[in-house]
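Spelled out from the first residue to the last, the chains are:
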Amino acid sequence: MTDALLLESMEITRVRHETRDTFTFDLDARPRGGFRFAPGQFNMLYAFGLGEVPISISGDPLKPAVLTHTIRAVGPTTRGLEALKKGDGVGVRGPFGTPWPVDEAQGKDVIVVAGGIGLAPLRPAIYSMLSRRQAFGKLCIAYGARTPADILYEKEIERWRGRIDVDLEVTVDRGDPDWRGHTGVVTKLLRRFELTPESTVALLCGPEVMMRFASRELEGLGVPSARIYVSMERNMKCGVGSCGHCQLGPSFVCKDGPVYPLTKAEPLMGIREL
Amino acid sequence: MDIWSLPRSRLGELIALLRARGYDVVGPTPRDGAIVYDSIESDAELPVGLGDEQSPGQYRVVPRDDGAVFGFAAGPGSFKRAFHVPEERLYRVQREGKTLRFVPEPVAPRKVALLGARGCDLSALRVLDRVLEGDRYRDERYAARRSEVLLIAVHCGSPSSTCFCSSMGTGPRAGGPWDLALTELTSGEHRFVVETGSPIGLALVRELGLLTASTLDKIHAAKVPVVAAQRITRRLEADGLGARLAKNLDHPRFAQVAERCLACANCTQVCPTCFCTTIEDFTDLDGAGAERRRRWDSCFNPEFSYIHGGPVRPSTRARYRQWMTHKLSSWHEQFGSSGCVGCGRCITWCPVGIDITEEARAIASAGTSEKAT
């Protein structure tokens, strides 16, 4: 059995600057015969000499030749990754963690609720559902960003919004003079969608407080809590449940999560500093 | 199963035989004013005629007048460090042009014989096995070090005041599997009553040419852990404890204990089941190479739970709660047993003498009284 802690080097083939502090890079997975993952899973990425960070995979699971991550530069390691250019090597290991229940959502309405960079781990699920769009009922996407300048994947969002089989709403906390869209928390958008609540699957990713309020709102609309899923975040060093850093109640987020059914996550989210 | 007798004068032969068979013998030895476990080459390195006095926040090695070799309780070190090492290099990283090459650090194969493992420490190893080997992912480095281990247990006759193994069902009699189990008898001729628990154990007994133990010695030996259990006064009501603690995560007692707790991490370093680690990065001075090293970490360190924006558990209250409820509560759900074996190390080595049994009792019993009112 291979050592789950051992990294492999992958080459950056493309870098895109998404926002002021967020960037996306594609890694070439062809030399290793493609990189297979399920939407919602993450990798540990290593910047030479600086360290590793857990980063969700944000690319298309049906295109295993390209491995895509969207990263917000907030600490030394993510800033080190930000400094890398096309052709540079990155250390990668994974994929780790539990996926979004895309298969369970077949035949049901789906609502995707994303806050900030929380859209990145949800994008593979969106790709996956769009690739077999007819297998799902309504597909609704609610996305909240801090400001219009913080909106991720803007062109793609435009494209999705243009589709007749996708309902997509974007809101920002603070608009600017050119902003004509919604202002306010993403929770307020949820009532706008015409869902069949009792047969809806909800996928939520963003700050914990956002997920708490959004799930409460969805429950209020009649979405069963057993069909609401959230993606949690904790400190991670190993990715395989042996370093202890990502403990959340009786679980390790790296292997029992990051995607949890709300029924498991809700009791834990409410306890401060757990 | 036959039971054998090993004269104290021949204990050295057992160690020599193990070494001749290629085992690194890890046993108790006095060092820096404490009895620790480390590689030993002869019985002269054992803590001959030494015992200990322990109480919350107190540890002293004291002389014994009976010349006992295993006449002490758990010290600050445990067998954990032989397999889950405190610090190690995982791999070197070499820059080759723009790509990175990762060269794993091999784990040297080693046959280890643990000499003098108490019931608490054997249970702790089994707990660690479940965490690091029995899970979906195996810690390959732990598994490699743990692959060839001979267990020579000692049924404990010398518990300290901080021990509570009898509450946790881990001692004083050492539960199997072990290869050999010794009971030390010091009255009259100093000797060990030896039980065999495996073909290797039996082969060792045969090679040493041990005689069977007398009926009287068997009776004396059987009494040793029974008498030890009677001397253990510290208790923890383990039945249903996990569920009771889980219901009391906001108990004010956590804030009270945090006023005394220094968040020094001593408890996690002496605990034989604490397994948390971190990985650190080092870069060569010329910038061409780097390495990644893993070392023990502690949930009491503020950076342990750091995510962008700050630690998830900034308060000592939250960190103590994490440690204690993981050990006694959520461990059951994660790994199917308690994370506590009742060795009492965390009580002895806490600089302010915080007693996990006392805290758990206060927090868990509050839940039941709340319900009653």
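Residues numbered from 1 in each chain as written. Chains lettered and ligands numbered in written order. Predicted model: local features only at pLDDT ≥ 70, side-chain atom pairs only at ≥ 80, totals over all residues. Heavy atoms only, no water.

1. Concerning the packing of helix 1 (residues 11–20) of chain B against helix 6 (residues 199–208) of chain B
Residue and element names in this part refer to chain B.
Moving on, step 1. Packing of helix 1 against helix 6 leaves a shortest axis separation of 11 Å and a crossing angle of 120°. When the axis of helix 1 is compared with that of helix 6, the two are oblique. Crossing of helix 1 against helix 6: the hand is right-handed. Of the residues in helix 6, those touching helix 1 at E13, L14, L17 and L18 are L204, E207 and L208.
Moving on, step 2. For the contact of helix 1 with helix 6, the class distribution of residues is 5 nonpolar, no polar and 2 charged. (Axes fitted to C-alpha atoms, helices over the stretch in contact; angles between N-to-C directions. Helix = DSSP H or I, 4+ residues; strand = E, 2+ residues; numbered from the N terminus. Parallel < 35°, antiparallel > 145°, perpendicular 65-115°, else oblique. Left-handed = near helix turned anticlockwise from the far one by under 90°. Contact = heavy atoms within 4.5 Å. Nonpolar A, V, L, I, M, F, W, Y, C, P; charged D, E, K, R; others polar.)

2. Topic: the packing of helix 4 (residues 208–221) of chain A against helix 6 (residues 262–269) of chain A
In a packed pair of helices, the relevant descriptors are the angle between the two axes and the axis-to-axis distance.
Residue and element names in this part refer to chain A.
Moving on, step 1. Following both chains from N to C, one finds helix 4 and helix 6 inclined at 125°, their axes separated by 11 Å at the closest point. On the basis of their axis angle, the class for helix 4 and helix 6 is oblique. Relative to helix 6, helix 4 is oriented so that their crossing is left-handed. Contact with helix 4, carried on its side by E208, R212, S215 and E219, involves L262, E266 and M269 of helix 6 and no other residues of that element.
Moving on, step 2. Taken together, the residues of the contact of helix 4 with helix 6 sort by class into 2 nonpolar, 1 polar and 4 charged.

3. Some points on the sheet that holds strand 7 (residues 109–115) of chain A
Residues and elements named next belong to chain A.
Moving on, step 1. With respect to topology, 7 strands assemble into an open sheet ordered 10-9-8-7-11-12-15, the strand pairing being mixed. Sheet topology places strand 10 (182–183) and strand 15 (259–261) at the edges, where each strand pairs with a single neighbour.
Moving on, step 2. Where strand 9 (residues 167–172) lies against strand 10, 2 bridges are found, and the strand directions are parallel. From the neighbouring strand, T171 faces strand 10, where its bridge partner is H182.
Moving on, step 3. The sheet strands contacting helix 4 are strand 7, strand 11 (200–205) and strand 12 (228–231), and the helix crosses strand 11 at an angle near 165°.
Moving on, step 4. Across the sheet, helix 6 lies against strand 12 and strand 15, angled at about 95° from strand 15, the strand it touches most. (Pairing = 2+ DSSP bridges.)

4. Considerations on the sheet that holds strand 4 (residues 51–56) of chain A
Residue and element names in this part refer to chain A.
Moving on, step 1. Pairing in this open sheet of 6 strands is antiparallel, and the strands run 4-3-6-1-2-5 from one edge to the other. At either end of the open sheet lies a strand with only one pairing partner, and these are strand 4 and strand 5 (66–72). When strand polarity is set aside, the average angle formed by the axes of neighbouring strands in this sheet is 40°.

5. Notes on the domain arrangement of chain B
Residues and elements named next belong to chain B.
Moving on, step 1. What the domain assignment lists for chain B is domain 1 (3–88 + 106–231) and domain 2 (241–276 + 299–372).
Moving on, step 2. For domain 1 versus domain 2, the distance between C-alpha centres works out to 28 Å.
Moving on, step 3. Domain 1 puts 28 residues into the contact, and the matching count from domain 2 is 25 residues.
Moving on, step 4. Summed over both sides, the interface between domain 1 and domain 2 buries roughly 2,200 Å², with carbon and sulfur atoms accounting for 64% of that surface.
Moving on, step 5. Three residues stand out in domain 1 for area buried against domain 2, namely K80, V131 and F164, and they jointly supply 23% of the buried area on that side.
Moving on, step 6. There are 1 salt bridge connecting domain 1 and domain 2.
Moving on, step 7. Between D121 and R345 there is a salt bridge whose closest N-O contact spans 3.0 Å.
Moving on, step 8. Summed over the shared surface of domain 1 and domain 2, the number is 16 residue pairs in polar contact (both at pLDDT 80 or more).
Moving on, step 9. Examining the composition of the side of domain 1 that touches domain 2, we find that 8 residues originate from one element, helix 3 (residues 119–132), more than from any other.
Moving on, step 10. Here the side of domain 1 that touches domain 2 is composed, by residue class, of 14 nonpolar, 11 polar and 3 charged. (Domains from an automatic or database assignment. Buried area = accessible area lost by both parts, 1.4 Å probe. Salt bridge = Lys/Arg side-chain N within 4 Å of Asp/Glu carboxyl O. Polar contact = N/O pair within 3.5 Å; in protein donor to acceptor, adjacent residues only side chain to side chain.)

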